[in-house]
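Understanding the architecture of this molecule
Each chain is listed here by its residues.
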Amino acid sequence: MTYLYQEQNWQSQMSDLITSPAELLNILELSVDDLLSGALLASEQFKLRVPRAFVRKMQVGNAFDPLLLQILPHHLELEEHQGFITDPLGEEQANQLPGVLHKYKSRFLLTLTGACAVHCRYCFRRHFPYQENLPKSEDWLKIKDYLEAHPEINEVILSGGDPLTLSNRKLALWIERLTTLNQIKILRIHSRVPIVIPERIDEELVSLLKNSRLRVILVVHSNHPAELDDLTCSKLSQLAKHNILVLNQAVLLKGVNDSAQILVELSHRLFEAQILPYYLHVLDKVKGAHHFDLGTEKINEIYTEVLASLPGYLVPKLVREIAGENNKTPLFGVTTF
Ligand SMILES: *Cc1c(COP(=O)(O)O)cnc(C)c1O
Ligand code: SF4
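These lines cover the structure that appears in this document, whether it is placed above or below. It should be emphasised that the depicted structure is a prediction, and the values quoted were computed from it without experimental measurement.

This part takes up the pairing of strand β3 (residues 155-159). With five of five residues buried, β3 lies mostly within the body of the structure. Neither face of β3 is open: one carries Glu155, Ile157 and Ser159, the other Val156 and Leu158, and all of them are buried. Taking the sense of rotation as the criterion, the β-α-β connection linking β3, helix α8 (residues 168-179) and strand β4 (residues 186-191) turns out right-handed.

Glancing now at the packing of aromatic side chains. Scanning the model with the defined rule gives five aromatic pairs in all. Measuring from ring centre to ring centre gives 5.7 Å for Phe108 and Tyr146, while their planes differ by 35°; the resulting arrangement is tilted. On the criterion of sequence distance, the pair formed by Phe108 in strand β2 (residues 107-111) and Tyr146 in helix α7 (residues 140-149) is long-range, its members being 38 residues apart. Using a relative accessible area of 0% as the deciding quantity, one classes Phe108 as buried. Pairing Trp140 with Trp174 gives two aromatic rings, centres 6.0 Å apart and planes at 90°, and the pair type is edge-to-face. On the criterion of sequence distance, the pair formed by Trp140 in helix α7 and Trp174 in helix α8 is long-range, its members being 34 residues apart. Each member of the pair, Trp140 as well as Trp174, carries the same accessibility label: buried. We note Arg177 situated over the ring of Trp174; from NZ or CZ to the ring centre the distance is 4.6 Å. A cation over a ring is seen here: Arg200 above Trp10, with NZ or CZ 3.9 Å from the ring centre.

Criteria and cut-off values
Residues numbered from 1 in each chain as written. Chains lettered and ligands numbered in written order. Predicted model: local features only at pLDDT ≥ 70, side-chain atom pairs only at ≥ 80, totals over all residues. Heavy atoms only, no water. Buried < 20%, exposed > 50% of the residue type's maximum accessible area, 1.4 Å probe, protein only. Helix = DSSP H or I, 4+ residues; strand = E, 2+ residues; numbered from the N terminus. Right-handed = clockwise from strand over helix to strand, strands pointing away. Phe/Tyr/Trp six-rings, centres within 6.5 Å; stacked < 30°, edge-to-face > 60°. Lys NZ or Arg CZ within 6 Å of the ring centre and 35° of its normal.

Okay, here's the thing in structure tokens:
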């Protein structure tokens, strides 16, 4: 019975997302006209989308709340800036089969949905044409052939969109398919859903992941310690109890988490929830995200202080993804990036 309640609960949250800028600003008691008109304009390009549970983590009345800044459409997104383009990672070219990206030797990225629970304004996928590009059930055989022709692949990464917007039934179906291939040892799930709707970590999902033959890694995406309230942390720490490794990736964003103090606090909070910091991404130069960009100098300054303040295991790797490279590119000490 508990499980049924929870299941309904995350799904009903998914079907009750906030998409109206006026409603969001109303809830946060921010009835500022230029915020609203900017949000309405910018949301025409990339819609506002945010779960109510995430909005509850924001501070009412604070137009500069670090969680709000990540999701509120802003008129600055409409500015053109040199070097900020629609496909900064060149993913359209790397696309071999529907839903598949094989850029990194041993790892194979599978996109099963283009949908996310939240729209992050800085996301490089804001212009990516996912909808035309999802695998259907009958594409499994082609994907299987591809995997078998590439025995060096031992890890499948479910990415998106956000794979945890899918039902447990659909996830189970794909995990079962992947499990039939002996070469696949590791299943990685990249998701922001547990941060914005913690109830997504329901009993059925936990049992699906803990009973798999595959070694499971969940990589969540949290940028600020205020995202990690007690419920979120307790849901995520359940996974660790079942030998599921939980890692975090964050994006360094101007106005959101651009201080060593915030990043240090984020690492400590993650550790309390049995999550290890994995990557700290430098912003992808995607059109519409220029106002989140920090210069090289500022990034180096922040990261130097982070290094000095944390034990090595709590320091996320500072990286950038460069189109055409064979891995994420480590950045510390590099003077121009
Ligand atoms: C980031 C990424 C991966 C995973 O890389 P790791 O360094 O192993 O985390 C795999 N495929 C693509 C396309 C990626 O962008
Ligand atoms: S892919 Fe991740 S970062 Fe991008 S909008 Fe979806 S949840 Fe946000």
